[in-house]
Amino acid sequence: MKKILLLTLVALAVVSCSPTQRTINSAKKTLKGSWSLDNISYSRSGIFEVTLYDDASAECLTGSTWRFIPNNNTGTYDVNRDACMQMGARNFRWTIPTPDANGVYSFMFKPINEKKKSTNNNKGYRMTLESLDETTMTWTQTVSLEGKPFVITMNFNKIQ
């Protein structure tokens, strides 16, 4: 009887862990640690004043350090440029939801305070997770500028 119960539980665990969920779990493990946001670029040429996540300019976030903690889906990013008015660490909660109908994965995060409560009226942000490997990660976010799509690309490198 115990063997049948054990086999049933093992079979249930194998079936419940779909390839999509395994991919998400693998991505979370890859994200674990510290990353540097080294470059932010745009789909159009020109000079743009971009504020990301209702928080800081793209110039202030370039060079910021991001830390991801997958066991509780929290993290921090640290604006560390002397020229920026609002320096310091920000807390966030993050997730990688199941992919959309086209198989595209997203990265979502929501600002929180030290007590893990939302700081922005529960507002969150969704970016396309373009690529992720052991040393690099790329997010894109498409917004509208003058009625046309405007893509912001953020390139990260793993620190540790």
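If you're wondering where the values come from, they're calculated on a predicted model, not measured in any experiment. (Residues numbered from 1 in each chain as written. Predicted model: local features only at pLDDT ≥ 70, side-chain atom pairs only at ≥ 80, totals over all residues. Heavy atoms only, no water.)

## Overview of the pairing of strand E5 (residues 74–79)
Logical step 1: Taken together, the five bridges between strand E4 (residues 65–69) and E5 define a ladder with antiparallel strand orientation. Each bridged residue has a counterpart across the sheet, and for Trp 66 the counterpart in E5 is Tyr 77.
Logical step 2: Hairpin connection of E4 to E5: four residues between the antiparallel strands, including Asn 73 at a positive phi of 50°.
Logical step 3: As judged from the six bridges shared by E5 and strand E6 (residues 88–95), these two strands associate in the antiparallel manner. (Pairing = 2+ DSSP bridges. Helix = DSSP H or I, 4+ residues; strand = E, 2+ residues; numbered from the N terminus.)

## Brief notes about the confidence of the model for the chain
Logical step 1: Averaged over the chain, the pLDDT score is 84; the fraction of residues at 70 or greater is 87%.
Logical step 2: Across residues 5–16, confidence stays below pLDDT 50; counting only partners more than four residues off in sequence or on other chains, it has one contact. (pLDDT = per-residue confidence, 0-100. Contact = heavy atoms within 4.5 Å.)

## Here's the deal with the environment of Gln 86
Logical step 1: With respect to the helices and strands, Gln 86 occurs in the loop between E5 and E6.
Logical step 2: Considering only alpha carbons, one finds Gln 86 and Asp 55, 31 residues apart in sequence, at a separation of 8.6 Å.

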